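These are the residues of each chain, in order.
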Amino acid sequence: MKQSKLDLAGLPAKAAGEIDDRLQVSSPLRRLLNKVFPDHWSFLLGEIALYSFIVLLLTGTFLTLWFDPSSNEVTYHGPYTPLQGIPMSRAYESALQLSFEVRGGLIMRQMHHWAALLFMAAIVVHMLRVFFTGAFRKPRELNWIIGVLLFWLGFVEGFAGYSLPDDALSGTGLRIASAIMLSIPVIGSWVTTSLFGGEFPGHEILGRLYIAHVLLVPAILLGLIAAHMGLLVKQKHTQWPGPGRSNDNVVGIRMFPGFAAKAGGFFMIVFGVIALLGGLFQINPIWLFGPYEAAVVSAASQPDWYVMFLDGSTRLMPPWEARFPLWPGHHYTLPPLFWPTVVLPGVLTMLPLFYPFIEARKFKSKASHHLLQRPRDVPTRTALGAMALAFYIVLLISGGNDVIADKFDISLNAMTWAGRVGLLVLPPLAYWITYRACLGLQQHDREVLAHGVETGIIKRLPNGAFVEVHQPLAPVDEHGHPAALPYAGWVVPKKMNRVGALVPTIKGFFFPIEEPAKPAYPSEAPVSPAPTREGITSGKQ
Amino acid sequence: MTFDDSAGAAGPPRAARRGRLFAGPVRRSRLQRRLFAGVRLLLALVVVGGIYTAFAPGSQAEDTPKLSEAAQLGKRLYDQSCATCHGPNAQGVKDRAPSLIGVGSADVEFQVETGRMPAARPQQAQVERKQPLFTVEQAQQMGAYIQELGGGPQLPAGTNLREGGDIAKGGQLFRVNCASCHAFSTNGGALSSGKYAPSLKPATDREIYAAMLSGPQNMPVFGDNQITPQEKRDIIAYIQYQKGDQDPGGFGLGRYGPVPEALVIFLVGMVSIMFVTLWIAGKS
Ligand code: HEM
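Residues numbered from 1 in each chain as written. Chains lettered and ligands numbered in written order. Predicted model: local features only at pLDDT ≥ 70, side-chain atom pairs only at ≥ 80, totals over all residues. Heavy atoms only, no water.

K.L.:
Would you mind going over the interface of chain A and chain B with me for this structure?
P.N.:
When the parts of a complex come together, some accessible area is lost, and that lost area is often used as the size of the interface. Facing the 67 residues of chain A at the interface are 55 residues of chain B. Roughly 5200 Å² is buried in total at the junction of chain A and chain B, and carbon and sulfur atoms are behind 71% of that figure. At the surface where chain A touches chain B, the tally comes to zero salt bridges. Our count for the contact surface shared by chain A and chain B stands at 13 residue pairs in polar contact (both at pLDDT 80 or more). (Contact = heavy atoms within 4.5 Å. Buried area = accessible area lost by both parts, 1.4 Å probe. Salt bridge = Lys/Arg side-chain N within 4 Å of Asp/Glu carboxyl O. Polar contact = N/O pair within 3.5 Å; in protein donor to acceptor, adjacent residues only side chain to side chain.)

K.L.:
Is there a simple way to explain the coordination of the iron atom of the ligand in this structure?
P.N.:
The reference angle at a metal is 109.5 degrees if four donors form a tetrahedron and 90 or 180 degrees if six donors form an octahedron. Residue and element names in this part refer to chain A. Looking at the iron atom of the ligand, one finds its protein donor set to be His112 (NE2) and His213 (NE2), positioned 1.9 Å from the metal centre. Its six donor atoms give the iron atom of the ligand angles of 85 to 179° at the centre, a pattern that matches the octahedral case. Taken together, the residues His112 in helix H5 (residues 105-132) and His213 in helix H9 (residues 205-235) connect sequence positions 101 residues apart. (Donors = N, O, S within 2.8 Å, 3.2 Å for Na, K, Ca; no water. Tetrahedral: all angles 85-135°; square planar, octahedral: opposite > 155°, others 65-115°. Helix = DSSP H or I, 4+ residues; strand = E, 2+ residues; numbered from the N terminus.)

K.L.:
I would appreciate a short explanation of the packing of helix H6 (residues 104-113) of chain B against helix H7 (residues 136-150) of chain B in the present structure.
P.N.:
The relative placement of two packed helices comes down to the angle between their axes together with the axis-to-axis distance. All names here are of chain B. Viewed as axis vectors pointing N to C, H6 and H7 meet at an angle of 145°, and their least axial separation amounts to 8 Å. The two elements H6 and H7 cross, and the hand of that crossing is right-handed. Across the interface between the two elements, Gly104, Ser105, Val108, Glu109, Val112 and Glu113 from H6 touch Val136, Ala139, Gln140, Met142, Gly143, Ala144, Ile146 and Gln147 from H7. In the contact of H6 with H7, the residues fall into seven nonpolar, five polar and two charged. (Axes fitted to C-alpha atoms, helices over the stretch in contact; angles between N-to-C directions. Left-handed = near helix turned anticlockwise from the far one by under 90°. Nonpolar A, V, L, I, M, F, W, Y, C, P; charged D, E, K, R; others polar.)

K.L.:
What am I meant to see in the pairing of strand S8 (residues 466-471) of chain A here?
P.N.:
One face of the sheet, then the other: side chains in a regular strand alternate in exactly this way. Residues and elements named next belong to chain A. For strand S7 (residues 453-460) and S8, the ladder comprises five bridges, and the chain directions are antiparallel. By the bridge assignment for S8, Glu454 is matched with His470. Taking the residues that link successive antiparallel strands as the turn, the S7-S8 hairpin has five residues, and the phi of Gly464 there is positive, at about 100°. (Pairing = 2+ DSSP bridges.)

K.L.:
Whenever I open this one, the side chain of Ser42 of chain A confuses me. Can you help?
P.N.:
As for its position among the elements, Ser42 of chain A is in the loop between strand S1 (36-37) and helix H3 (45-64). Accessibility expressed as a relative area gives 4% for Ser42 of chain A, which makes it buried. (Buried < 20%, exposed > 50% of the residue type's maximum accessible area, 1.4 Å probe, protein only.)

K.L.:
Help me understand the site of the ligand, please; the structure alone is not making it clear to me.
P.N.:
All names here are of chain A. Close to the ligand lie 27 residues, the nearest being Leu57, Arg109, His112, His213 and Asn284. A distance of 2.7 Å is found between a nitrogen atom of the ligand and a side-chain nitrogen or oxygen belonging to His112. Interatomic distance of 2.7 Å between a side-chain N/O atom of His213 and a nitrogen atom of the ligand. Here the element with the most residues in the shell around the ligand is H3; it accounts for seven residues. Its residues assigned to classes, the shell around the ligand comprises 14 nonpolar, 10 polar and three charged. (Near = heavy atom within 4 Å.)

K.L.:
Teacher, can you tell me more about the environment of Asp205 of chain B here?
P.N.:
All names here are of chain B. Along the chain, Asp205 falls in helix H10 (residues 205-214). Note: C-alpha distance between Asp205 and Leu263 (58 residues apart in sequence) is 34 Å. Filtering out sequence-adjacent residues up to four positions away, Asp205 remains in contact with Thr159, Asn160, Leu161, Arg162, Ile236 and Gln240. Reaching out from Asp205, the side chain makes a polar contact with the side chain of Gln240 at a distance of 2.7 Å.

K.L.:
What is the right way to read H5 of chain A from this model?
P.N.:
For an α-helix the count is 3.6 residues per turn, leaving residues at separations of three or four pointing the same way. Here H5 of chain A spans 40 Å end to end across 28 residues, near enough to the 40 Å set by a 1.5 Å rise per residue. Just beyond H5 of chain A, the residue with positive phi is Gly134 of chain A, at close to 70°. (Expected span 1.5 Å × (residues − 1).)

K.L.:
Whenever I open this one, the packing of helix H4 (residues 69-81) of chain B against H7 of chain B confuses me. Can you help?
P.N.:
Residue and element names in this part refer to chain B. In the contact formed by H4 and H7, the axes pass within 7 Å of each other and the chain directions differ by 100°. Taken together, the axes of H4 and H7 lie roughly perpendicular to each other. For the pair formed by H4 and H7, the contact residues are Ala70, Ala71, Leu73, Gly74, Lys75, Leu77 and Tyr78 on the first element and Gln138, Gln141, Met142, Ala144, Tyr145, Ile146 and Glu148 on the second. In the contact of H4 with H7, the residues fall into nine nonpolar, three polar and two charged. (Parallel < 35°, antiparallel > 145°, perpendicular 65-115°, else oblique.)

K.L.:
Please clarify how the packing of aromatic side chains should be interpreted in this entry.
P.N.:
Two aromatic rings, taken as a pair, are described by how far apart their centres are and by the angle between their planes. All names here are of chain A. Enumeration according to the criterion identifies 32 aromatic pairs over all chains in this entry. Both rings, one in Tyr51 and one in Phe267, keep their centres 5.2 Å apart while their planes meet at 55°; by these two values the pair is tilted. Note that Tyr51 is positioned in helix H3 and Phe267 in helix H10 (residues 255-280), a separation of 216 residues in sequence. Overall, Tyr51 belongs to the buried group, its relative accessible area being 8%. Looking at Phe267, the relative accessible area reads 17%, which means it is buried. Here the aromatic rings of Phe53 and Phe119 are separated by 5.7 Å at their centres, their planes lie at 35°, and the arrangement is tilted. Of the two residues, Phe53 is situated in helix H3 and Phe119 in helix H5; the sequence distance between them amounts to 66 residues. (Phe/Tyr/Trp six-rings, centres within 6.5 Å; stacked < 30°, edge-to-face > 60°.)

Structure (structure tokens):
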């Protein structure tokens, strides 16, 4: 028998068939490829975090090839003149070598650091989206909890990375971390000595931080991210309410090819933005800080932004020492550092972790929710979120208060007191303002549903009164009154062009990507053109 | 206040050394010893008297007007512009300005060359650097006048005070001694109650040297026994090197550290990516 000619066109299908015969992947794969993603910009925020994490893995792996987390003392003889002949740790030397001698090392370091900042920024913004739209409600509480853990792990991972190069700034950070751990009652000194392998700084900490930074924490992060995504696929996306969308379906585009193409492109763009930041903006210029020495502390020593709120809480904390008498002649002193850096983060971890359950209890809701809520429709939650955000932002700003004081010519003491007062006053104020704003927006929605869209056309009644003409959204009955429309939980059109008064805006972000549609009835716009009027004059002519 | 510091740095050690010189361990006869004791006493008196006249308050100096030519010119300028606050003989005016006796020419040159002096009338939290009213030469003349009145630390000659300085050593000294106020970046930072350590960008070699010698306002004095003249040159070399150093990593964000980095990641990074999300996914 003669061998038939190789069928090139049929090859992929045949190969896929052979693979499926052995691995039985086609039906789960089909399910995955057919997974539907709703199309809304706010669903892409989490993806930014995912893509920055991938960039972190890639650039971080590059850095590990040259970085040496050793605290052995060496003398620098590299190309950076201001440090020549200076004794330093091998870790710092290798970070300098990465910056000045390894080809592409500096941009990799900078991309790694910018990606870390972006990772945390995206996590926080993503978290805000999830919170304010109620996407954390049953059945998605577990994914919310994973998200909170991801934030704190990212925090730890970033702090560990920041401490690795062993420059004076990261040393300052580590010293503060050791002081924080020491402030924990009873177990504090034990925790510190076991972590640092003795007194701060010791010789152990760099190696331990390194293992944590490049292996342990990334592995846990990766596992949690996988669980996060897995749950997302299993539980399906939430979506905004809208035509054809219900609690039981998901409307959007399929994973393949539509979403995959978009996501692939988006990854490239995030990668590109990080590369641009890494190439254009200098970050963490460790060569300026010098090697870590106990005597060196600089003005304007700050941690990265995601740690800054804890620095802020420390700066705002008044120096109150709590003294507990133990037995006559002895007392235990609780350092003030304990409250803003141990208790506060504890509360800030626990509250969000349990928030979904607290809220469900409060709202007496046991049902599963797959439709998102507009923030205005749940004023209590939105106002609570605004309150938390105000609290956080005051702390964040206070973390940089010395730089702000210096650059804007404000007294540092004034900044500290403004922070203290602001921390107590602004959150309740934010709550109240947000609550009122939500109610106002709700009311306006209902008004438009009942009376129609404001047209901007003013009519004068025979009795001389002026009224604005409204365009009803629902069909009108025989008396000209529009039928009552229920609120559907989604955007109520409030401008005439949203109900077709004008030709719909043409799609396209930078330039039109479609031909403007020809109006069906050339001059029959829902609002007839204004009658030609005679010019209004002052009457003098 | 600086008077005591500088006198401690320059005066007594020299006298003490001289004392040791005379008390050599040589065996002598009783008469010789008496004679020596007498001579020693006499000499000691002369030395003490000399020191006294050298450090005596200005009124004495005015009685014996043997000011150098530069100092005389300086005195004229001083009487015009400074005497209202610092008093006609630089002895200070209560509640207005401190005495300048013993501050040395370095302090005067620093204050005048950086435009801090003459101070503006209404007092702010801190006398700030401004456009100087006098030329460098005039500042030196006033410096000479104050120097001859009361002594004190002086600047070395020349304008290039970084020559022979070791940048790396200077960097180390800068980070230990100066960065706590002026920041790693030499850009300055906030102190308490609206006071601040200024950026070192505009400072010349002489001004940096003089600032260390005189410790203006809230800055401590770094006398020659704390930071030797050679180390001062090292520090100056480092500060001036940093000014010329370009940021190898791109735009340096003013070298203000993580605060501007936080602004960039949100205002540049997040905002640009949010625009992309709107472009990709739309709003409905
Ligand atoms: C598994 C992936 C990662 C690897 C292999 C890795 C590796 C490294 C290495 C070797 C360094 C020190 C080199 C230097 O001086 O720049 C470093 C620094 C750093 N890493 Fe990572 N990293 C990873 C993930 C992360 C993540 C997820 C974050 C943040 C959330 C992060 C944040 C940082 C930071 C802030 C620094 C300091 C960089 C600097 O000083 O310029 N890294 N990383």
